[in-house]
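Residue-level structure breakdown
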2 protein chains.
Amino acid sequence: HNILVINCGSSSLKFAVIDPESTQVLIQGIAERLNSPDALLKVQPLGSQAIPYINHAKAMAAILASLGDIPIAGIGHRVVHGGEFFSASVLLNEDAVAKIDACRALAPLHNPAHVTGIRAAMENFPELPHVAVFDTAFHQTMPPHAYFYALPYDLYKTHQVRRYGFHGTSHRFVAEQAATLLDKPFTELQIITAHLGNGCSACAIKNGQSMDTTMGLTPLEGLAMGTRSGDVDPNLIQFLVEQTGRDIRQVTDLLNRDSGLLGLSGLSNDMRTLLEAADNGHSRAELAIDVFCYRLAKGILGLAAALDRIDALIFTGGIGENSAPIRARTLAHLKVLKPTLDHDLNSAHGRHTAGRITTTDSALTALVVPTNEELVIARETQRLLQP
Amino acid sequence: HNILVINCGSSSLKFAVIDPESTQVLIQGIAERLNSPDALLKVQPLGSQAIPYINHAKAMAAILASLGDIPIAGIGHRVVHGGEFFSASVLLNEDAVAKIDACRALAPLHNPAHVTGIRAAMENFPELPHVAVFDTAFHQTMPPHAYFYALPYDLYKTHQVRRYGFHGTSHRFVAEQAATLLDKPFTELQIITAHLGNGCSACAIKNGQSMDTTMGLTPLEGLAMGTRSGDVDPNLIQFLVEQTGRDIRQVTDLLNRDSGLLGLSGLSNDMRTLLEAADNGHSRAELAIDVFCYRLAKGILGLAAALDRIDALIFTGGIGENSAPIRARTLAHLKVLKPTLDHDLNSAHGRHTAGRITTTDSALTALVVPTNEELVIARETQRLLQP
Ligand SMILES: Nc1ncnc2c1ncn2[C@@H]1O[C@H](COP(=O)(O)OP(=O)(O)O)[C@@H](O)[C@H]1O
Ligand SMILES: Nc1ncnc2c1ncn2[C@@H]1O[C@H](COP(=O)(O)OP(=O)(O)O)[C@@H](O)[C@H]1O
């Protein structure tokens, strides 16, 4: 019952063959810099191969060829944006692919690439079931007061302007894992999850459903991230156009690519680099980390408006799993929730072991839980294959 | 010791003569629609007078003439933006006026009008002391992690891009009043204030200092307001430019003037109208109120990251003072702070009496405290006149 998981981005195509029961990865790889002279296909355990100017369809064929005789029961496609069409994973047919295509205005870099990847995979494996798993689907349970912007209502009707949220598979996965760790039913818990990777978002989950999240129409809203600003004053865009002579596209690019940890520190978007630099007295690295942790704490507290109580706070993602100091500094801004950090547990748990990082008598329970988005996609795909 | 308080906007000029000790208003009025054929000077208790095309300087002269022989000890000017120059009210001289003028890029509608008004008043009353009281000054105590955006650092150095905050005189005034009501020293309390008028902002105050606030570079950031969107996904601006064919200025205007309660309801920016309509089954008025209260609760909780505990939550401004249902609905989203509303007290207190609206055993103490920005300006002016 191996599942092939495919994540087809604008210039890259990641894949992994996973046994969703054992969680074992049989083979995985990435085709990157597609459509460029430097295009490259890397497959573990097979090795690397330069294939200049290879496109999405040909990369897909090469990947599928590389699988050899590993049996595949189904293919799970990661899709960034499902708009309001999809509130759960879906078995793909022409209608579903057309709907994913219809969301292209909402995710112009991602959805067209997904459609290309899905079509190529369907052509190569017409007899296999294909499933789409959406970053947005889990958040479709948000109530209107959480997903409506305070904008003219017509923008929602005509242009689907609303808050969608992302990282849904990760938020759900780590919240379910937390429920197991806490030995409570997922459907009775009230949890806040913080997914901190290159992109960062937090989510309020009540009785198994997403009630609110920090990302919105696009993955730029909310927390400070690696290169993304998160929230700014909406007047800032015009202010920068007027004051710097950049056009709106350049300003928007600046907010997406040159901001966040990278912009503030002037050094790197990599949290490891910043923590090291701050230790060596780099004051702007220190500032970037400060802003990151404070904004995260604000985001977490704001989401508490969607809950009656907070049974657990979960850290995950590259930063959330690996960085004990970031977890500690974030809790330091959550004094109103009276957390008591257990420094030993905070150092002991992380990427390799999930577990509690606060003391047993802490008013706030905080956990670290490693995420595994590929595994969620494999499991979702398997679930939809069952009759 | 009467103080003349002047609030000189882009197309209007408000004034009041106040005795800061008795808090009595001796005379007040407004010159509005300046530089238009419909320009009008209204003075209480004198009456109205049409003066077509009157400008700021002439309106100032007419207002000063209308004061008759009421003795004036000093003039207090409300100034929206003090940038990083002013962390307190200031006795005006040429240098200070030049600095207010230098902040014009940050408040292009307001600061040039303030400078015009200040110069006109100084010419008419050269012998009187003039004081500027800033909306931003109280928030200059915010720590860097609260005032830095996650943007390239250079934008701060070159274009003064940072969070400033507004409504500072109101936040400080109601927090001080609350300290008196609670019979505790202002400098030992940790308070969140919510100023809810046409513009809305909340502020975290610790030991007498503003630690964070929801407005930022301009008064558009943060909460949902009468016609302003508050926070949106920063990618929304470019999305709307691309999808609607509007240019960036039109989109920015839409966020400032056609959004908030007005945009969502399609009905009004006036909370009274919306509450009435919602009672009569208007579903979009209901949605607008829902979004307003939920966003306010999120804003309040987010600010708690700046505090160790919340000694009191204060409601003020036209909506905060007058609307018991809005206060109740906001508290309903603050369950994690365990407030217990006292319905009788919530109905009894408001515009005319400050007081507690939660029960004595409520874990969260909430108060309503009427604001009085003119009185603060009069008192600040008087304070600076003392040798
Ligand atoms: N030991 C560590 N300490 C701090 N940050 C770490 C550590 N290991 C990885 N990270 C950070 O994790 C982030 C990447 O997270 P990841 O979840 O892998 O990203 P993506 O969102 O691309 O999946 C980077 O900022 C990286 O610096
Ligand atoms: N009784 C009331 N119930 C609800 N809202 C009210 C009531 N009275 C006034 N308001 C609201 O107060 C807001 C204006 O607040 P105000 O502080 O006067 O504005 P400004 O920010 O212009 O000073 C309007 O939305 C108005 O509807």
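Counting starts from 1 at the beginning of each chain's written sequence and moves along it residue by residue. Key to labels: chains lettered from A, ligands numbered from 1, both in the order written. Restriction of local features to residues with pLDDT of at least 70 applies here, the model being predicted, together with a cutoff of 80 or more for giving and counting side-chain atom pairs; totals for whole chains, interfaces and linings are based on all residues. Computation of side-chain values covers all heavy atoms of the structure but excludes hydrogens and water.

It is a probe the size of a water molecule, rolled over the atoms, that shows where empty space is left. Of the grid points, spaced at 1 Å and generated over the protein atoms alone, those admitting a 1.4 Å probe that cannot get out make up cavities, while open sets with protein on both sides within 12 Å along at least five of seven lines make up pockets; any residue with an atom within 4 Å of a point is treated as lining. Grid points are joined across faces, edges and corners, and a volume is the space filled by probe spheres set on the points. A full pass over the atoms with the stated rule returns four cavities of 30 Å³ or more. Taken together, 34 residues form the lining of the largest cavity, with A:D231, A:K298, A:G299, B:D231 and B:K298 sitting closest to its centre. Per the convention used, a helix needs a DSSP run of H or I reaching at least four residues, while a strand needs a run of E reaching at least two, with both numbered from the N terminus. Elements represented by at least two residues in the lining of the largest cavity include exactly α4 (144-147) and α11 (283-303) of chain A together with α4 (144-147) and α11 (283-303) of chain B. Note on residue classes: Ala, Val, Leu, Ile, Met, Phe, Trp, Tyr, Cys and Pro are nonpolar, Asp, Glu, Lys and Arg are charged, and everything else, Gly too, is polar. Of the residues that constitute the lining of the largest cavity, the class distribution is twelve nonpolar, twelve polar and ten charged. Put simply, the second largest cavity is a space of about 50 Å³.

This part is about the relation of the copies chain A and chain B. Two copies of the chain are present, and they differ by a rotation about an axis and a shift along that axis. Mapping chain A onto chain B calls for a screw motion: a turn of 180 degrees about the axis and a shift of 0.0 Å along it, with 0.0 Å RMSD after fitting. When the rotation and shift are considered jointly, the pair of chain copies conforms to a two-fold rotation axis. In terms of C-alpha distance to the rotation axis, chain A has A:G302 as its closest residue, with the C-alpha 2.2 Å off the axis. Interface residue correspondence from chain A to chain B reaches 100%, placing this contact among same-surface, isologous pairings. In superposing the copies, a least-squares fit is computed on C-alpha atoms, taking residues whose pLDDT is at least 70 in both. Between two residues, a contact is recorded if the distance between any of their heavy atoms is within 4.5 Å.

All right, on to unusual backbone geometry then. A cis amide bond links A:Q44 with the next residue in sequence, A:P45, at an omega value of 10 degrees. The residue B:R33 is not glycine, and still its phi comes out positive at about 50 degrees. A positive phi angle, near 50 degrees, is found at B:K338, a position not held by glycine. In this fold, B:K338 is placed in the loop between α13 (324-332) and α14 (343-348). Note on exposure labels: buried denotes an accessible area under 20% of the residue type's maximum, exposed denotes more than 50%, and partly exposed covers the range between, all computed with a 1.4 Å probe on protein chains only. A relative accessible area of 58% places B:K338 in the exposed class.

Within the span of helix α7 (residues 236-244) of chain A, buried status applies to A:L236, A:I237, A:Q238, A:F239 and A:L240. Of the surrounding secondary structure, the elements contacted by the buried residues of α7(A) are α8 (248-257) of chain A together with α5 (154-159), α7 (236-244) and α8 (248-257) of chain B.

Next up on the list: the site of ligand 1. Residue and element names in this part refer to chain A. Any residue with at least one heavy atom within 4 Å of a molecule or strand is counted as near it. Around ligand 1 there are 13 residues in total, and N198, D270, M271, G318 and I319 lie nearest to it. Any N or O atom pair separated by 3.5 Å or less is treated as a polar contact, with the protein-specific requirement of one donor-capable and one acceptor-capable atom, and with residues adjacent in sequence counted only for side-chain atom pairs. Within the backbone of M271, an N or O atom sits 3.0 Å from an oxygen atom of ligand 1. Taking R272, its main chain carries an N or O atom lying 3.4 Å from an oxygen atom of ligand 1. Only the protein chains shown count as cover for residues, with accessible areas throughout obtained via the Shrake-Rupley method and a probe of 1.4 Å. If ligand 1 stood free it would expose 580 Å²; the protein chains cover 68% of that surface. Contributions of two or more residues to the shell around ligand 1 are made by α10 (271-279) and α12 (317-322). A total of four residues in the shell around ligand 1 trace back to one element, the largest contributor, which is α12. Among the residues forming the shell around ligand 1, the class breakdown is three nonpolar, eight polar and two charged.

Before going further, it helps to examine the pairing of strand β12 (residues 312-316) of chain A. Residues and elements named next belong to chain A. In terms of residue burial, β12 counts as a mostly covered element, since five of its five residues are buried. Residues A312, I314 and T316 line one face of β12 and the alternating positions L313 and F315 line the opposite face, and both faces are buried. Pairing between strands is defined by DSSP: at least two bridges between the two strands are required. Looking at chain direction, β12 and strand β14 (residues 366-368) are connected through three bridges and run parallel. Across the sheet, the residue bridging to I314 is L367, located in β14.

Residue and element names in this part refer to chain B. Pairing within the open sheet is mixed, and its eight strands lie in the order β5-β4-β3-β2-β1-β6-β8-β7. One side of each edge strand has no neighbouring strand; the edge strands of this open sheet are β5 (47-50) and β7 (90-91). Bridge analysis of strand β2 (residues 13-18) against strand β3 (residues 25-32) gives six bridges, and the strand direction is antiparallel. Looking at β3, one finds that A16 is bridged to Q28.

This brings us to the site of ligand 2. Residues and elements named next belong to chain B. Around ligand 2 sit 13 residues in total, of which N198, D270, M271, G318 and I319 are the nearest. Contact distances for ligand 2 include 3.4 Å between an oxygen atom and a backbone N or O atom of R272. Where the shell around ligand 2 is concerned, the elements lending two or more residues are α10 (271-279) and α12 (317-322). Top contributing element to the shell around ligand 2 by residue count: α12, with four residues. Of the residues in the shell around ligand 2, the class split is three nonpolar, eight polar and two charged.

These results come straight from atomic positions and should not be treated as a statement about function.
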